[in-house]
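Listed here are the chains, written in short residue letters.
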2 protein chains.
Amino acid sequence: MAIEIERKFLLRHDTWQQQAKTHVAMRQGYIKNSVEGVVRVRIVDTAAFLTIKGQTCSFTRLEYEYPIPIADAQEMLDRLCPKPLVEKQRFFIDHGGFTWCVDQFTGANMGLVLAEIELESEDQTFEPPAWIGREVTKDPRYYNASLVNHPYLEWKVRPVP
Amino acid sequence: MAIEIERKFLLRHDTWQQQAKTHVAMRQGYIKNSVEGVVRVRIVDTAAFLTIKGQTCSFTRLEYEYPIPIADAQEMLDRLCPKPLVEKQRFFIDHGGFTWCVDQFTGANMGLVLAEIELESEDQTFEPPAWIGREVTKDPRYYNASLVNHPYLEWKVRPVP
């Protein structure tokens, strides 16, 4: 079974940038975007992926991901996905035996920065880096899919990390 | 660009069966199912495919299809697709330089039989076999995706071919 267990956090300050070694550019849109699940098209630098996700239950959801030709992904983003697309730089940071992803959004979500960690079980423990702020895993406003309909630049209330 | 141009017909009588040489079993469900497009999971005998289709315009729609592991397809059909699934035997018939597909539905759509032909352009001509009946390409009741929410066994009015 394909399972994704993920926790997501705001960032307290910018010191994570000193730890970040590599990053990729991501551009993604949603062919389906509902509480029951999403179908996502994502371009990561020069590769592309189609991802099916089921409904989130606690920190967990079914997830299936397949590589697809980048020309198909580009066309689906242009012609089948509602705008704005979600665009971000993803930085990778090794800390305490885990790889953290820090997403620095651009475009319609400029200013938003989120950190994510993928776990092997819901009760797996981890040591949060000093720059980690409040957990937002269960707050639907921070789902990437939500940022299409409610992009960060239009939020009336900005989060306190 | 990935384009599907397809025309669909009812069948006048059963003489198509004499022409049918090969067939496959198909079982499919829909992760997305709306007028804007569908995301379909299909198992064909022992292979499986994920298919993205855009909105239909005249006889034409965008279509992208990718092979996926059969275990993933089985799990998506079980856990992510509304029921009933669409089940059918697809027969292949060579006629007038084209390969016709005749779909004989089973399960919740038992009794429905449809013939399809795939074209290279909307104005491409073809010679219909003698057993071809009324065209239903633009009738949404006959979309396979519609047969999930309105299966043939529940139809109050049966079509006249």
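Whatever comes next refers back to the structure up there.
So, here is what we can say about the structure in this document.

Rules and cut-offs
- Residues numbered from 1 in each chain as written.
- Chains lettered and ligands numbered in written order.
- Predicted model: local features only at pLDDT ≥ 70, side-chain atom pairs only at ≥ 80, totals over all residues.
- Heavy atoms only, no water.
- Buried < 20%, exposed > 50% of the residue type's maximum accessible area, 1.4 Å probe, protein only.
- Helix = DSSP H or I, 4+ residues; strand = E, 2+ residues; numbered from the N terminus.
- Pairing = 2+ DSSP bridges.
- Salt bridge = Lys/Arg side-chain N within 4 Å of Asp/Glu carboxyl O.
- Contact = heavy atoms within 4.5 Å.
- Buried area = accessible area lost by both parts, 1.4 Å probe.
- Polar contact = N/O pair within 3.5 Å; in protein donor to acceptor, adjacent residues only side chain to side chain.
- Nonpolar A, V, L, I, M, F, W, Y, C, P; charged D, E, K, R; others polar.
- Least-squares fit on C-alpha atoms with pLDDT ≥ 70 in both.
- Phe/Tyr/Trp six-rings, centres within 6.5 Å; stacked < 30°, edge-to-face > 60°.

Remarks on the pairing of strand β5 (residues 60-67) of chain A
Residues and elements named next belong to chain A.
Thought 1: By the criterion of burial, β5 is predominantly enclosed, with 6 of the 8 residues buried.
Thought 2: Where strand β1 (residues 3-11) and β5 come together, 3 bridges link them in antiparallel fashion. In the sheet register, Glu4 faces β5, and the bridge partner there is Arg61.
Thought 3: Pairing of strand β4 (residues 47-53) with β5 involves 5 bridges; the strand directions are antiparallel. Pairing of Phe49 across the sheet is with Pro67, part of β5.
Thought 4: Two successive antiparallel strands, β4 and β5, enclose a turn made up of 6 residues, where Ser58 displays a positive phi of approximately 60 degrees.

Examining the pattern of salt bridges
Proximity of charged atoms lets side chains of opposite charge pair with each other.
Thought 1: Evaluated as defined, the whole model comprises 20 salt bridges over all chains.
Thought 2: The partner of Asp139 of chain A in a salt bridge is Arg141 of chain A, with the nearest N and O atoms 2.8 Å apart.
Thought 3: Looking at Arg141 of chain A, the relative accessible area reads 40%, which means it is partly exposed.
Thought 4: The salt bridge involving Lys8 of chain B is made with Glu116 of chain B; its shortest N-O contact spans 4.0 Å. Within this pair, whereas Lys8 of chain B is found in strand β1 (residues 3-11), its partner Glu116 of chain B is found in strand β8 (residues 113-118), the two being separated by 108 residues in sequence.
Thought 5: Take Glu116 of chain B: its relative accessible area is 8%, and that puts it in the buried class.
Thought 6: Where salt bridges share partners, they join Lys8, Lys88, Arg90, Asp103 and Glu116 of chain A into one cluster.

Overview of the interface of chain A and chain B
Thought 1: On the side of chain B, 18 residues touch chain A, which itself brings 18 residues to the contact.
Thought 2: Together, the buried faces of chain A and chain B total about 1700 Å²; carbon and sulfur atoms form 70% of this surface.
Thought 3: When residues of chain A are sorted by the area they lose upon contact with chain B, Tyr64, Tyr66 and Glu75 of chain A head the list and together hold 29% of the total.
Thought 4: Put simply, chain A and chain B have 0 salt bridges between them.
Thought 5: Run the count over chain A and chain B and you get 6 residue pairs in polar contact (both at pLDDT 80 or more).
Thought 6: A total of 4 residues in the side of chain A that touches chain B trace back to one element, the largest contributor, which is helix α2 (residues 70-79) of chain A.
Thought 7: Residues that form the side of chain A that touches chain B fall into these classes: 13 nonpolar, 1 polar and 4 charged.

Thoughts on α2 of chain A
Thought 1: Within α2 of chain A, the full set of buried residues consists of Asp72, Ala73, Glu75, Met76 and Leu77 of chain A.
Thought 2: The elements touched by buried residues of α2 of chain A are β2 (22-34), β3 (37-44) and β4 of chain A together with β4 (47-53) and β5 (60-67) of chain B.

Quick word on the side chain of His95 of chain A
Thought 1: Mapped onto the fold, His95 of chain A is located in strand β6 (residues 86-95).
Thought 2: Setting aside its immediate chain neighbours within four residues, His95 of chain A contacts Gln19, Trp100, Glu127, Pro128 and Pro129 of chain A.

Some details on the relation of the copies chain A and chain B
Note on the chain copies: they are related by a rotation about an axis and a translation along it.
Thought 1: You can overlay chain A on chain B at an RMSD of 0.0 Å; the transform is a turn of 180 degrees with a shift of 0.0 Å along its axis. Here the symmetry operator amounts to a two-fold rotation axis. Rotation axis and chain A: the residue whose C-alpha lies nearest the axis is Lys32 of chain A, separated from it by 3.2 Å.
Thought 2: Both copies contact each other with a shared surface, as 100% of the interface residues of chain A are interface residues in chain B too.

Examining the side chain of Glu116 of chain A
Thought 1: Among the polar contacts made by the side chain of Glu116 of chain A, one reaches the side chain of Arg90 of chain A at a distance of 3.4 Å.
Thought 2: Non-local contacts of Glu116 of chain A, meaning those with residues more than four positions away in its chain, are made with Glu6, Arg7, Lys8, Arg90, Thr99, Trp100, Cys101 and Asp103 of chain A.

A word on the packing of aromatic side chains
Each aromatic ring pair is summarised here by two numbers: the centre-to-centre distance and the angle between the ring planes.
Thought 1: Per the counting criterion, the structure on display carries 16 aromatic pairs over all chains.
Thought 2: For the pair Trp100 of chain A and Trp131 of chain A, a centre-to-centre distance of 6.2 Å together with 75 degrees between the ring planes defines the contact as edge-to-face. Of this pair, Trp100 of chain A sits in strand β7 (residues 98-105) while Trp131 of chain A sits in the loop between β8 (113-118) and β9 (132-135), and the two are 31 residues apart along the sequence. For the pair formed by Trp100 of chain A and Trp131 of chain A, the shared burial category is buried.
Thought 3: Judged by centre distance (5.8 Å) and plane angle (70 degrees), the ring pair of Trp100 of chain B and Phe126 of chain B falls under edge-to-face. With a gap of 26 residues between them, Trp100 of chain B in strand β7 (residues 98-105) and Phe126 of chain B in the loop between β8 and β9 (132-135) connect regions that are remote in the sequence.
Thought 4: The class of Trp100 of chain B is buried, set by a relative accessible area of 0%.
Thought 5: What makes Phe126 of chain B buried here is its relative accessible area of 17%.

Just geometry here; none of it tells us what the structure is for.
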